[in-house]
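A closer look at the structure
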Amino acid sequence: MVAGRTKHLGVAKVQQQRCRALRNLSDQNSKRIGEAGGIQAEVQGMCKHLDDKDVQEQGGHAPGNLAFDDNNKERIRKAGGIEAIMRGMRKHESNKYVQEEGFWVLRNLSFNNDLNKEKIKDGGGVKAVESGLQVHKELAKKGEKILEILSISATRFKNPLGAFTFNRGASSSDWLMMMSLASVMMKRMSQSEKRIP
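Residues numbered from 1 in each chain as written. Predicted model: local features only at pLDDT ≥ 70, side-chain atom pairs only at ≥ 80, totals over all residues. Heavy atoms only, no water.

1. Thoughts on the environment of Ser26
Within the secondary structure, Ser26 is located in the loop between helix H2 (12-25) and helix H3 (30-35). On the basis of relative accessible area, Ser26 is assigned to the buried category, the value being 1%. Leave out the neighbours within four places in its chain, and Ser26 touches Ile33, Ala62, Asn65 and Leu66. (Helix = DSSP H or I, 4+ residues; strand = E, 2+ residues; numbered from the N terminus. Buried < 20%, exposed > 50% of the residue type's maximum accessible area, 1.4 Å probe, protein only. Contact = heavy atoms within 4.5 Å.)

What follows is the structure, given as structure tokens:
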């Protein structure tokens, strides 16, 4: 499967079928696929066929399944999988299924993995998710879940604490920032109350 994937890398139809097969196999064979180099082959196929929405859609699902294994989360990041997923999302913003699979992968990659969270945020993942949500409002619950895991409030423009939400997924630096902001807000509220006659 993996050898065939790299052998016919330039043929989009072959990549679509390989992506679909890997997607089906990834539920029960996650560890074996990761150890055999399947992740690198998947990422290569997605990068080679960025313009093909079917490769992006099918190629986007398997990493989401594979990311249930913590070692595979690292392999996907090191293989450039996070960037590949986000490139596909940006390229096919109008395609609901590419966005949905992209949300699925980013959610699973970022869950309980600070390095992946930072990679997603630094690579423009928040903007990619928000752009997808503007076009596909029906994916709101899935998109908001990713933003929550990334410690980004989906309603941050209405939130006086800015982009931070109080949840278990917040990093220590986020908590420090939130506490500092809360402290400043409390002081300002206290000062304004003192001025009221």
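2. A look at the nonpolar core
Proteins that are soluble and globular tend to have nonpolar side chains buried together. Formed by 27 residues in total, the largest nonpolar core has its most connected members in Met89, Phe103, Leu106 and Val129. Listing elements by their share of this core, those giving two or more residues are helix H4 (38-48), helix H5 (53-66), helix H7 (81-91), helix H8 (96-110), helix H10 (125-135) and helix H11 (140-149). (Core = buried A, V, L, I, M, F, W, Y, C linked by side-chain atoms within 4.5 Å.)

3. Some points on the packing of H8 against H11
It is the contact of H8 with H11, at a shortest axis distance of 9 Å, that shows an interaxial angle of 25 degrees. By the angle between their directions, the pair H8 and H11 is classed as roughly parallel. Relative to H11, H8 is oriented so that their crossing is left-handed. Seen from H8, the contacting residues are Glu100, Phe103, Leu106, Arg107 and Ser110; seen from H11, they are Lys142, Gly143, Lys145, Ile146 and Ile149. Here the residues of the contact of H8 with H11 are counted per class, giving 4 nonpolar, 2 polar and 4 charged. (Axes fitted to C-alpha atoms, helices over the stretch in contact; angles between N-to-C directions. Parallel < 35°, antiparallel > 145°, perpendicular 65-115°, else oblique. Left-handed = near helix turned anticlockwise from the far one by under 90°. Nonpolar A, V, L, I, M, F, W, Y, C, P; charged D, E, K, R; others polar.)

4. What about the pattern of salt bridges?
On inspection of all chains with the given rule, the structure shows 8 salt bridges. Note that Asp54 is salt-bridged to Lys53, the shortest N-O span being 3.4 Å. You can call Lys53 partly exposed: its relative accessible area is 40%. Glu100 is paired through a salt bridge with Lys142; the nearest N and O atoms lie 2.5 Å apart. Taken together, the residues span a long stretch of sequence, with Glu100 in helix H8 and Lys142 in helix H11 at a distance of 42 residues. Judged by relative accessible area, Lys142 falls into the partly exposed class, the value being 42%. (Salt bridge = Lys/Arg side-chain N within 4 Å of Asp/Glu carboxyl O.)

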